[in-house]
Amino acid sequence: MEGHVRSALVALSSPGANPGAINTANDTLMNYEEQCADAYVLYLASLSTSSPSSLRLSSVLVLKAAVKRRWKDKGRGKPGQMRVFLDETTKAHVRSCLISVSLTGRLPCGDTTNLAMRSTEAFGAEQLEIIQDSPLQTNVAALTATIARMDLPTRFQELIPTLVSSLSQTPGSQEGPTTMQEQVFRAIRLNVLTTLESVLAEVSTKRLLIDRKYRNSIAVAHLGQIYQCGMLPSLRHLDVRLRADRRNQFDLDQMMKYSMLSTRVVAYLLGSSFVKLSDGATLSLVDQVILTIQSFIGQWLPVVIAESVAAEEIDLLKELLKLQMQLVVDTQVTHPMEFGRFLGGFLAMFYTTLVTLLCDRTVTLRNSEITVVLLQFLSNVVGCGQYANAYQVKHELEGVFTAESVQTLARLMLHLFAIHSQVSIETEEDVIRWDNDPEGFFHWEQQQSSDENLASAAQNCFLALAESPLFGGVVFPILLSTLSNVASLKTAVDVEPRNGEQSVNGTDLLPLGSVPDWPIEDIKSELVFQWDVVLTAAGLLASTLEGCNSFCFASWFRNVLSGCIIKLLRCSDDQTKSRPVLLRRLIWLLSCNAAHLDMTPSPSPIELVASTLASNQDMCLRLTSVQCLDALIPMCEENPALLQTLAESTVPCLYKTLEDSDHHESRSMCLDLIANLVSYVGAVGGELSSSTLNIIVSPLRFIFDSATAEHLLLRRNVLAI
């Protein structure tokens with residue numbers, strides 16, 4: 001068996017292997033796995049320290065696949081089918097092999113629980129090569145984590161204690177470490193942290209009570225040693241390296257790796273067991289961990305923002321800071337009350353940093369990922385209902401968020417909504433995306449997340465401020481005052497379709513005004529984009545805004561918005577050089593406020609939206625209209641004639657939009673709307689003419705037959721009609 005398996009592994013790891021040879025090798029390996037699983041797995045494990053490196057890696061990858069199939073009966077496979085699984089002796093040997101390969105670079109001989117105590121002086125060049133083999137060790141860590149997920153907490157209990165104890169190993173003898181010993185020490189430390197991260201990532205997803213108790217037990221037992229021997233020295237050494245006049249880039253990269261890995265390990269422990277750790281003897285330890293992170297962020301975040309370190313170091317340092325800040329964000333949102341004792345320090349630091357960033361749009365965009373994390377933290381804190389009733393926390397919030405600072409922050413959030421602004425790098429990309437692929441832009445914008453996108457994070461933070469019982473009274477007057485600026489809105493409506501021909505003088509008409517150090521290159525575009533922002537805010541707060549200070553959306557639509565939409569529709573045929581930013585946002589706003597609209601005026605909101613679908617060629621606007629019609633149809637149940645007329649006029653436009661679409665989602669939207677129209681017309685007792693029914697049905701056979709592969713679900717939409 002050994003010769004055949006080795007030859008198959010060599011074939012799989014050969015760069016020039018042809019598909020036929022690869023298939024033959026896979027068949028050979030599968031045959032041996034089925035016929036003699038234990039011997040096969042033991043032989044694969046024995047090859048994990050062999051030469052060359054490609055054979056080692058190939059053996060571990062194949063072993064990983066075999067372990068997933070043969071380690072544990074998961075109740076899969078055909079009924080009555082006999083499955084062969086590994087016996088406990090084989091499993092125990094595989095576990096020992098994985099730990100030994102990570103910590104010593106050789107196969108186990110004796111008790112693996114004492115590996116951490118063995119001197120680094122016994123290492124040879126071959127072992128050093130193996131423990132420094134990054135692809136091999138990464139996959140060994142992944143395989144160890146896979147087994148840990150299946151075994152822990154009832155088996156493999158020695159894994160985490162063995163790994164953690166290895167962190168306390170120190171290089172060298174009394175005379176000082178040799179170069180070899182220093183290399184061994186660093187490699188072992190890196191392997192330990194990599195394996196711990198992989199194992200905790202797997203274990204943290206298990207949800208049974210026994211798993212939660214196990215996570216609490218390892219956090220209580222090992223967080224101190226991981227912090228003292230892993231995280232703390234890594235951050236201290238990194239701090240020294242960054243402050244040094246002459247820096248060894250390799251050392252700096254290594255320290256950065258250790259710091260990132262140890263931060264992730266600590267994040268898993270705190271995330272799963274923060275409450276348990278905050279009770280009893282480990283309370284002071286948690287304080288040390290959090291305050292260490294706070295201190296490091298406080299020292300180096302301003303440096304990164306000011307770009308006061310070398311360019312090659314900024315990206316790595318940003319990544320580490322983002323990890324630490326995300327740890328703070330996740331801990332606060334998961335355990336808000338337990339985190340309360342740290343809230344004041346982080347809130348003041350993050351708020352000050354955010355305001356500093358937002359003073360310069362260029363700096364904001366250059367540090368967009370950090371800005372997003374800061375906005376996440378503020379959103380979570382402001383939106384936490386538990387804090388409103390906690391006197392101490394409430395006092396700290398009101399200390400940072402004065403009425404003036406909330407007003408400033410809310411206005412800055414609104415400015416960050418403007419992802420289409422032509423004066424920013426981020427916006428120029430969005431404008432190009434809309435120009436080059438309007439349909440793709442529509443779906444891209446729908447998928448944006450506040451965890452990744454700066455504009456979405458700003459929207460989330462603005463919503464949190466507006467809906468907060470503490471600060472909503474400050475934010476809503478800003479929005480209501482802006483919405484009442486009818487003259488500015490009508491000027492923006494005049495500007496958009498005329499491609500810049502309309503004259504706009506000064507910044508007085510800008511609904512949000514201007515921000516210092518945020519340059520405005522084109523006042524007309526800025527006016528349009530600021531109203532896009534204001535209308536976006538009104539849509540996001542639709543349910544809360546209705547009735548606030550006697551605000552009535554139906555009245556606002558009747559007196560202001562309907563005239564704006566009609567004017568933009570009249571100019572839509574000539575609007576070939578500009579994006580229909582305002583028209584599209586107004587249609588979107590109607591969909592957000594569907595429940596507050598009155599369908600009796602003529603023209604009714606739904607008729608205006610149908611006209612938009614019929615008269616405009618921009619695919620982004622057409623899909624927004626489809627989305628809006630779907631929201632407005634249920635509001636027309638008391639008007640069968642309107643629904644019937646709408647169906648007869650809209651169905652041809654929907655099929656035209658479907659024909660022009662490249663995305664499956666767009667086609668599904670159009671077909672769903674047709675099905676809803678037919679359903680609602682029938683539900684209210686209306687009748688469709690024979691010609692309209694023919695128009696609805698005639699394309700369906702072709703659409704059904706054409707719906708293959710990834711578009712197969714369109715057949716469901718056809719059947720619904």
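See the structure printed just above.
Quick notes on the rules
- Residues numbered from 1 in each chain as written.
- Predicted model: local features only at pLDDT ≥ 70, side-chain atom pairs only at ≥ 80, totals over all residues.
- Heavy atoms only, no water.
- Helix = DSSP H or I, 4+ residues; strand = E, 2+ residues; numbered from the N terminus.
- Buried < 20%, exposed > 50% of the residue type's maximum accessible area, 1.4 Å probe, protein only.
- Contact = heavy atoms within 4.5 Å.
- Areas by Shrake-Rupley, 256 points an atom, 1.4 Å probe, with all protein chains shown as cover.
- Lys, Arg positive; Asp, Glu negative; His and termini not counted.
- Charge placed at Lys NZ, Arg CZ, Asp CG, Glu CD.
- Phe/Tyr/Trp six-rings, centres within 6.5 Å; stacked < 30°, edge-to-face > 60°.
- Lys NZ or Arg CZ within 6 Å of the ring centre and 35° of its normal.
- Patch = residues over 30% accessible without salt bridge, like charges linked within 9 Å, V, L, I, M, F, W, Y side chains within 5 Å.
- Salt bridge = Lys/Arg side-chain N within 4 Å of Asp/Glu carboxyl O.
- Disulfide = S-S within 2.5 Å.
- Arc of directions from axis to C-beta.
- Expected span 1.5 Å × (residues − 1).
- Polar contact = N/O pair within 3.5 Å; in protein donor to acceptor, adjacent residues only side chain to side chain.
- Axes fitted to C-alpha atoms, helices over the stretch in contact; angles between N-to-C directions.
- Parallel < 35°, antiparallel > 145°, perpendicular 65-115°, else oblique.
- Left-handed = near helix turned anticlockwise from the far one by under 90°.
- Nonpolar A, V, L, I, M, F, W, Y, C, P; charged D, E, K, R; others polar.
- Core = buried A, V, L, I, M, F, W, Y, C linked by side-chain atoms within 4.5 Å.

Focus: the overall build of the protein
Turning to step 1, where the next piece is worked out: If you tally the helices and strands in the protein, you get 34 helices and zero strands.
Turning to step 2, where the next piece is worked out: Over its C-alpha atoms, taken along the principal directions, the protein stretches across nearly 90 × 65 × 45 Å.
Turning to step 3, where the next piece is worked out: By the burial criterion, 53% of the 721 residues in the protein qualify as buried.
Turning to step 4, where the next piece is worked out: The contacts of the protein with a sequence gap of at least 6 include a subset with a gap of at least 24, amounting to 74%.
Turning to step 5, where the next piece is worked out: With the model as given, the accessible surface of the protein reaches about 31200 Å², and the carbon-plus-sulfur share is 51%.
Turning to step 6, where the next piece is worked out: One finds the centroid of the 56 positive side-chain charges in the protein at a distance of 6 Å from the centroid of its 76 negative side-chain charges.

Things to note about the packing of aromatic side chains
Turning to step 1, where the next piece is worked out: By the definition in use, this model includes twelve aromatic pairs.
Turning to step 2, where the next piece is worked out: Between Trp-434 and Phe-441 the ring centres are 5.0 Å apart and the planes differ by 10 degrees, which places this aromatic pair in the stacked class.
Turning to step 3, where the next piece is worked out: Feature note: the residues Phe-339, Phe-342, Phe-346, Phe-350 and Phe-377 constitute an aromatic cluster, connected by ring pairs.
Turning to step 4, where the next piece is worked out: The ring of Trp-444 has Arg-433 sitting right over it, with the charged end atom 4.1 Å from the ring centre.
Turning to step 5, where the next piece is worked out: Across the ring face of Trp-588, the terminal group of Arg-585 is positioned such that the distance to the ring centre comes to 4.8 Å.

Observations regarding a positive patch on the surface
Turning to step 1, where the next piece is worked out: A grouping of Lys-68, Lys-72, Lys-74 and Arg-76 is seen on the molecular surface, where their side chains present a positively charged patch.
Turning to step 2, where the next piece is worked out: For Lys-74, the position within the fold is in the loop between α4 (53-70) and α5 (88-103).

Remarks on the pattern of salt bridges
Turning to step 1, where the next piece is worked out: Scanning the model with the defined rule gives 21 salt bridges in all.
Turning to step 2, where the next piece is worked out: Its salt-bridge partner being Glu-197, residue Arg-264 comes within 3.7 Å of it at the nearest N-O pair. Taken together, the residues Arg-264 in helix α11 (residues 249-277) and Glu-197 in helix α9 (residues 179-203) connect sequence positions 67 residues apart.
Turning to step 3, where the next piece is worked out: Each of Glu-33, Arg-69 and Arg-70 takes part in salt bridges that share partners, so that together they form one network.

Overview of unusual backbone geometry
Turning to step 1, where the next piece is worked out: Here the amide bond leading from Ser-51 into Pro-52 is cis, since omega sits at 0 degrees, within 30 degrees of zero.
Turning to step 2, where the next piece is worked out: Looking along the chain, the bond that leaves Ser-602 and enters Pro-603 is cis, with omega of -5 degrees.
Turning to step 3, where the next piece is worked out: You will see that Glu-307, though not glycine, has its phi angle at about 55 degrees, which is positive.
Turning to step 4, where the next piece is worked out: Inspection of the secondary structure assignment puts Glu-307 in the loop between α12 (283-306) and α13 (311-334).
Turning to step 5, where the next piece is worked out: Classification of Glu-307 as partly exposed rests on a relative accessible area of 38%.

Here's the deal with the environment of Ile-131
Turning to step 1, where the next piece is worked out: Within the fold, Ile-131 resides in helix α6 (residues 125-131).
Turning to step 2, where the next piece is worked out: Given the relative accessible area of 2%, Ile-131 is considered buried.
Turning to step 3, where the next piece is worked out: Distance in space between the C-alpha atoms of Ile-131 and Asn-191 is 7.5 Å, their sequence separation being 60 residues.
Turning to step 4, where the next piece is worked out: Beyond its immediate stretch of four places on either side in the chain, Ile-131 contacts Val-101, Ser-102, Thr-104, Gly-105, Phe-123, Gln-137, Val-184, Ala-187, Ile-188 and Asn-191.

Quick look at the environment of Val-372
Turning to step 1, where the next piece is worked out: Here Val-372 lies in helix α16 (residues 368-382).
Turning to step 2, where the next piece is worked out: Taking C-alpha positions, Val-372 is 7.0 Å from Asn-453, a pair spaced 81 residues apart along the chain.
Turning to step 3, where the next piece is worked out: Those residues in contact with Val-372 that sit more than four places away from it in its chain are Ser-450, Asp-451, Glu-452, Asn-453, Leu-454 and Ala-457.

Considerations on the state of the cysteines
Turning to step 1, where the next piece is worked out: Counted by the stated rule, this structure contains zero disulfides.
Turning to step 2, where the next piece is worked out: For the unlinked cysteine Cys-653, the closest cysteine sulfur is that of Cys-670, found at 10 Å.
Turning to step 3, where the next piece is worked out: Residue class for Cys-653 comes out buried when judged on its relative accessible area of 18%.

Digging into helix α17 (residues 391-400)
Along an α-helix, a turn takes 3.6 residues, which lines up residues three or four apart on a common side.
Turning to step 1, where the next piece is worked out: For α17, the complete set of buried residues consists of Val-393, Leu-397 and Val-400. Burial along α17 is one-sided: seen end-on, the buried residues are contained in an arc of 70 degrees. In α17, the exposed positions that point more than 90 degrees away from the buried face belong to Tyr-391 and Gly-399.
Turning to step 2, where the next piece is worked out: Buried residues belonging to α17 abut α14 (340-358), α16 and α18 (403-417).

Quick word on helix α29 (residues 619-632)
Turning to step 1, where the next piece is worked out: A rise of 1.5 Å per residue sets the reference length of α29, with its 14 residues, at 20 Å; its end C-alpha atoms lie 20 Å apart and thus fit the reference within 8%.
Turning to step 2, where the next piece is worked out: For α29, the complete set of buried residues consists of Met-619, Cys-620, Leu-621, Arg-622, Leu-623, Thr-624, Ser-625, Val-626, Cys-628, Leu-629 and Leu-632.
Turning to step 3, where the next piece is worked out: The N-cap residue of α29 is Asp-618: its side-chain oxygen and the backbone nitrogen of Cys-620 are 3.0 Å apart.

What about the packing of helix α10 (residues 209-243) against α11?
Turning to step 1, where the next piece is worked out: Packing of α10 against α11 brings their axes to within 8 Å, and their N-to-C directions diverge by 150 degrees. One element, α10, and the other, α11, form an angle in the roughly antiparallel class. In terms of crossing hand, the pair formed by α10 and α11 is left-handed.
Turning to step 2, where the next piece is worked out: Grouping the amino acids of the contact of α10 with α11 by side-chain chemistry returns 18 nonpolar, nine polar and four charged.

As for the nonpolar core
Turning to step 1, where the next piece is worked out: Counting residues in hydrophobic clusters, the biggest one holds 240 residues, and the most contacted among them are Phe-346, Phe-377, Phe-401 and Met-413.
Turning to step 2, where the next piece is worked out: Ignoring any residue separated from it by four or fewer positions in sequence, one finds Met-413 in contact with Leu-358, Leu-375, Ala-458, Cys-461 and Phe-462.

Let's talk about the packing of α13 against α16
Turning to step 1, where the next piece is worked out: Interhelical geometry of α13 versus α16 gives an angle of 10 degrees and a closest axis separation of 10 Å. By the angle between their axes, α13 is roughly parallel relative to α16. The way α13 lies across α16 gives a crossing that is left-handed. Along its contact with α13, which presents Lys-318, Lys-322, Met-325, Gln-326, Val-328, Val-329, Gln-332 and Val-333, the element α16 presents Glu-369, Ile-370, Val-373, Leu-374, Gln-376, Phe-377, Asn-380 and Val-381.
Turning to step 2, where the next piece is worked out: For the contact of α13 with α16, a count of residues per class yields nine nonpolar, four polar and three charged.

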